[in-house]
Amino acid sequence: MVVMHGDIEPQALLRARGLRVTRPRLAVLDILGQGGHLEVEEITRQARQRLDSVSTQAVYDVLGALARAGLARRIEPAGSPARYEARSGDNHHHIVCRGCGAIADVDCATGAAPCLDPSQTHGFALDEAEVTYWGLCPSCQQLAAEDRTPDAAS
């Protein structure tokens, strides 16, 4: 299990953030704690395997509460449904494969938050920068190279 919030028990973590402890919240927190950048559909599927029953709306509600409490982070890469992860509050960034949609974490670009200094702040007090890098993952690079290689049999 990937621990994103230290060694704090999930129940204590929820209570410390002012959230009631419920079975759906515990299940979703545990699912996110396994790592990755999961779509709501996948989180719901896994939650249903753990609980007798949970609606998609309940999962959305749990994810919203966890995100507001800083226990989850919602990311929305262009052209992709929203995804959720447990790693939050550290201002990390993401790299997304244009081929298969795989997502990986990238630590802060240049040091302390907000990582990047904009040319203008328009009076905003900045505390975070959201950066998405785009490219091809190693598997998609290999597929692209194979597509460009002339076939000896042709």
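Computed from a predicted structure; not experimentally measured.

1. Points about the pattern of salt bridges
- Taken as a whole and assessed by the stated rule, the structure comprises 7 salt bridges.
- In this structure, the salt-bridge partner of Asp105 is Arg87, at a minimum N-O distance of 3.6 Å. Note that Asp105 is positioned in strand 5 (residues 103-106) and Arg87 in the loop between strand 3 (83-85) and strand 4 (93-97), a separation of 18 residues in sequence.
- Put simply, Arg87, Asp90, Asp105 and Asp107 are held in one network by salt bridges that share partners.

2. What to know about the sheet that holds strand 1 (residues 38-39)
- Read across the sheet, 3 strands follow the order 1-3-2 without closing on themselves; strand pairing throughout is antiparallel. With one partner strand each, in any of the chains shown, strand 1 and strand 2 (73-75) form the two edges of the open sheet.
- As paired strands, strand 2 and strand 3 are joined by 3 bridges and run antiparallel to one another. Residue pairing in the sheet places Arg73 in a bridge with Glu85 of strand 3.

3. A word on the nonpolar core
- Among the nonpolar cores identified, the biggest contains 25 residues, and Leu32, Ile43, Leu63, Leu66 and Leu71 are the most heavily contacted of them.
- Among the elements of the structure, helix 1 (10-16), helix 2 (23-33), helix 3 (40-50) and helix 4 (56-68) are those that each provide at least two residues to this core.
- Once you skip the residues sitting within four places of it in the chain, Leu63 turns out to touch Val28, Leu32, Val40, Ile43 and Tyr84.

Criteria and cut-off values
Residues numbered from 1 in each chain as written. Predicted model: local features only at pLDDT ≥ 70, side-chain atom pairs only at ≥ 80, totals over all residues. Heavy atoms only, no water. Salt bridge = Lys/Arg side-chain N within 4 Å of Asp/Glu carboxyl O. Helix = DSSP H or I, 4+ residues; strand = E, 2+ residues; numbered from the N terminus. Pairing = 2+ DSSP bridges. Core = buried A, V, L, I, M, F, W, Y, C linked by side-chain atoms within 4.5 Å. Buried < 20%, exposed > 50% of the residue type's maximum accessible area, 1.4 Å probe, protein only. Contact = heavy atoms within 4.5 Å.

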